[in-house]
Amino acid sequence: MDTVLIVNFSYVIAAIFFIVGLKLLSHPATAKRGNLVSAVGMFIAVVVTLIRQDILSYEWIAAGIVLGGAIGAWLAKRVEMTEMPELVSLFNGFGGLASLLLGLSSLTISDASDLHVALLVIAYFSILIGGITFSGSIVAWGKLGGTMPSRALIFPGMRWLYALIILGALALVVVVATQPFDMKWFYIAIGLALVFGILATIPIGGADMPVVISLLNSYSGIAATAAGIAIQNNILIVAGLLVGASGIILTQIMCKAMNRSLMNILLSGFSKPIEQGAKIEGEIKALSAEDAFYVLEAAQSVVVIPGYGMAVAQAQHAVKELQSLLEANGAEVAYAIHPVAGRMPGHMNVLLAEADVPYEQLYEMDAINPRMDSFDVAIIIGANDVVNPAAKEMKGSPIYGMPIIEAHRARNVFVLKRSASAGFAGVDNPLFFKDNTRMVFGDAKDTLNTVIREFGD
Amino acid sequence: MEFIYLAFILVLAAFLGFELINKVPATLHTPLMSGANAISGVTLIGALVSAGSDNTELTTWLGFAAVVFASINVVGGYLVTDRMLSMFKSKQNSSDTK
């Protein structure tokens, strides 16, 4: 039988496996199987590709797979769950880089007369998108891991530089399509893409990272699709689009959860801070961890609202321990997860899963808000902007209109926090000044451990 | 004709992607992203041909580098997703393990 036919048929099979795999990911109980199905699809596609007749030597292939596989396995084994945003950023970047290299290699084949204009242009786009994804992801990775400052970095004239690069990239499309084939245009494209990726990511602050990671995730898929068109390979096109769609949907969810447009987030580093509309009234009341224990001991229902601070303090296991004690004490415990809590979509859910919290006890914002009044205690661990009532009450606030977890409606609110300073958005939080709010200052993990000890006594 | 055929694939795959991903619950969004990383490593398929075919030396080298990075994504992506998903337990399961 024709090997080309066999290879292409195996790609159809692989596409089916990817699709079924993603379908199984729609429920936590079947998700693990879904991942396995997807992996089997990839395995089939890779193995069958190796029988292609235009593959003549296997040394470089074997060396590349062994090297890349070993690095990948090592990264996957040693990563802490709190570092998942960094790892996903890094993988986004590698995906972009692989597409860039693939686009470039499609231009270097020995018989350059095979290259027609459409292929040149699409290879150009795969190089451009791949490059932006790569350098953008590396910057995001640096910001998340702390090797770069996570705040927004801007410099004068940045907008002009943006505009210049975009114009340059558009001009190059025309050049590539009309001028005789010359590799130098593509090397310039790589340079433009790398610079643009860096410039696009550095003005974005830490709290907006969930959006950027999602967006770069989708770029890595779109880059793979572009590379797939350049080398005319259907499985790359289909799989790349599945990834691209996934990233775009996550980006939309994140934007909606912040009540901001994508453009606003991408260019937020340029906007001036908005004046606070109204003065906050009331005073901050502190509470010791010991006194917090007495309230918790009497509580019938407790809701825990985690944020990025829980990841920083590595407090998820202490949270789970407290949950067990509260439940043994007869209280109901629920978790309320805001879509943008943490540094990537679903960040909090993974940390709590690591600490053995059953996923049924994690509630989305819209599910928990209607019953917020019924909770005796809301414990806020390292979250700030996502519970800031200014989003509902203060028209002048920069976060006005953002949907929040309405923790202030619980009977008692405990805020576990290092200090009373503003959150990442730099917005004062009127929640800290409410009558039913008590601040428990200190490291979240230490505070939780003190409460846990009190339960033991 | 070939262009129309490609356009068909593009449109259908994009719609299919949106339909599938919309059904993934928020609690699984991190594994979804790392799983997507693994799937985007599908560039490995194209890289294999570049690295293994009889072409210029530059093609082989670029292909080899693409194989390395795509393999990191495929292997790392699937393994870390599996590791994460193993942690997601329902009430039933987590009380069994105690």
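Predicted model, so just to flag it, every value in this text is computed and none were measured.

Draft legend 1. Broad picture of the interface of chain A and chain B. Listed per partner, the contact involves 101 residues of chain A and 82 residues of chain B. Here chain A packs against chain B, burying approximately 7900 Å² in sum over the two surfaces, 75% of which is carbon and sulfur. Looking at the side of chain A facing chain B, the largest losses of area belong to N35(A), M42(A) and W60(A), adding up to 8% of the total buried there. The tally of links between chain A and chain B comes to two salt bridges. In this structure, the salt-bridge partner of D356(A) is K89(B), at a minimum N-O distance of 3.3 Å. At the junction of chain A with chain B, the criterion picks out 22 residue pairs in polar contact (both at pLDDT 80 or more). Those elements that provide at least two residues to the side of chain A that touches chain B are α1 (3-24), α2 (28-49), α3 (59-78), α4 (84-105), α8 (209-230), α9 (234-258), α14 (347-354) and β3 (362-364) of chain A. Partitioned by chemical class, the residues of the side of chain A that touches chain B number 62 nonpolar, 28 polar and 11 charged.

Draft legend 2. Local environment of the packing of α3(A) against helix α3 (residues 43-52) of chain B. Two elements in contact, α3(A) and α3(B), have axes separated by 8 Å at closest approach and are oriented at 140°. Comparing the axis directions of α3(A) and α3(B) gives the class oblique. Seen from above, α3(A) lies across α3(B) with right-handed handedness. Across the interface between the two elements, W60(A), I61(A) and I65(A) of α3(A) pack against L44(B), L48(B), A51(B) and G52(B) of α3(B). Classifying every residue of the contact of α3(A) with α3(B) gives six nonpolar, one polar and no charged.

Draft legend 3. Highlighting the domain arrangement of chain A. What the domain assignment lists for chain A is domain 1 (1-78), domain 2 (81-270) and domain 3 (289-456). The C-alpha-based centres of domain 1 of chain A and domain 3 of chain A are spaced at 41 Å.

Draft legend 4. Layout of the pairing of strand β4 (residues 377-381) of chain A. Residues and elements named next belong to chain A. Taken across its five residues, β4 has five buried, putting it largely inside the fold. Judged by which residues are buried, β4 turns out to be covered on both faces: V377, I379 and I381 on one side and A378 and I380 on the other are all buried. Pairing geometry for β4 and strand β5 (residues 412-417), over five bridges, is parallel. Of the residues in β5, the one forming a bridge with I380 is V415.

Thresholds applied
Residues numbered from 1 in each chain as written. Chains lettered and ligands numbered in written order. Predicted model: local features only at pLDDT ≥ 70, side-chain atom pairs only at ≥ 80, totals over all residues. Heavy atoms only, no water. Contact = heavy atoms within 4.5 Å. Buried area = accessible area lost by both parts, 1.4 Å probe. Salt bridge = Lys/Arg side-chain N within 4 Å of Asp/Glu carboxyl O. Polar contact = N/O pair within 3.5 Å; in protein donor to acceptor, adjacent residues only side chain to side chain. Helix = DSSP H or I, 4+ residues; strand = E, 2+ residues; numbered from the N terminus. Nonpolar A, V, L, I, M, F, W, Y, C, P; charged D, E, K, R; others polar. Axes fitted to C-alpha atoms, helices over the stretch in contact; angles between N-to-C directions. Parallel < 35°, antiparallel > 145°, perpendicular 65-115°, else oblique. Left-handed = near helix turned anticlockwise from the far one by under 90°. Domains from an automatic or database assignment. Buried < 20%, exposed > 50% of the residue type's maximum accessible area, 1.4 Å probe, protein only. Pairing = 2+ DSSP bridges.

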